[in-house]
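Here are the chains, one letter per residue:
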Amino acid sequence: QVQLVEPGGGLVQTGGSLRVSCEVSGGTFSSYVMGWFRQAPGKEREFVASITWNGGNSNSADSVKGRFTISRDNAKNTVWLQMNSLKPEDTAVYYCAAGTPRAWGRRRPNDYVYWGQGTQVTVSS
């Protein structure tokens, strides 16, 4: 059984930085495309960033481009999302997700198979 655990999250001021992590167990981490999504109250879950199975390529939503960076370490079965220059509109529950290689380049939640429980990120103004 594949499990994704996301410790971290928290409260940060506007302009600050935060890194959230996601550790995967029970599967072959190095074979998964990994993604981060977020969901704010009253809004649909939206794509934030994704990274290929070997970390060679990544992409991100326009709203976070240049501010957020996704990375992974296959030896640690962990993927991170480094968030800089945070804005109040970044406030949301952040979810990590794992997908098969066909998930690469796709941005819909349904393209991913496994999900973490989510972690709250709050940016105060």
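Residues numbered from 1 in each chain as written. Predicted model: local features only at pLDDT ≥ 70, side-chain atom pairs only at ≥ 80, totals over all residues. Heavy atoms only, no water.

1. Let's talk about the pairing of strand E11 (residues 119–124)
Our working rule: The classification of residues rests on relative accessible area computed with a 1.4 Å probe and restricted to protein chains. Under 20% of the type maximum is buried, over 50% is exposed, and intermediate values are partly exposed. The way it works is that DSSP assigns letters per residue, a run of H or I at least four long becomes a helix, a run of E at least two long becomes a strand, and they are numbered from the N terminus. Should DSSP find at least two bridges between two strands, the strands are taken to pair.
Where burial is concerned, the two faces of E11 differ: the one with Thr119, Val121 and Val123 is buried and the one with Gln120, Thr122 and Ser124 is not. Note: strand E2 (residues 10–13) against E11, four bridges, orientation parallel. Considered in E11, the bridge of Gln13 is made with Ser124. Examined bridge by bridge, strand E9 (residues 92–99) and E11 share three bridges and lie antiparallel to one another. By the bridge assignment for E11, Tyr94 is matched with Thr119.

2. A look at the sheet that holds strand E8 (residues 78–83)
Here is the rule: Lines fitted to the C-alpha atoms define the axes, with helices restricted to the stretch that makes contact. Angles between their N-to-C directions range from 0 to 180 degrees.
Read from one edge to the other, the open sheet built from four strands follows the order E1-E3-E8-E7, with strand pairing classed as antiparallel. Every other strand in the sheet has two partners, leaving strand E1 (3–5) and strand E7 (68–73) as the edge strands with one partner each. Ignoring strand direction, the axes of neighbouring strands in this sheet form an average angle of 20°. Judged from the six bridges that link them, strand E3 (residues 18–25) and E8 form a sheet pairing that is antiparallel. Paired with Glu23 across the two strands is Thr78, which belongs to E8.

3. A closer look at the pattern of salt bridges
Filter applied, for reference: The salt bridge criterion pairs a side-chain nitrogen of Lys or Arg with a carboxyl oxygen of Asp or Glu, the two atoms within 4 Å.
Under the counting rule described, the total for this entry stands at four salt bridges. A salt bridge links Arg38 to Glu46, with the shortest nitrogen-to-oxygen separation between them at 2.6 Å. On the accessibility criterion, Glu46 (35% relative accessible area) is partly exposed. The residue Arg38 makes a salt bridge to Asp90 at a minimum N-O spacing of 2.9 Å. Taken together, the positions of Arg38 in strand E4 (residues 33–39) and Asp90 in the loop between E8 and E9 put the pair 52 residues apart, joining distant regions of the chain. Comparing Arg38 with Asp90 shows no difference in burial state: the two are buried. When salt bridges with common partners are traced through the structure, they connect Arg38, Glu46, Arg67 and Asp90 into a single cluster.

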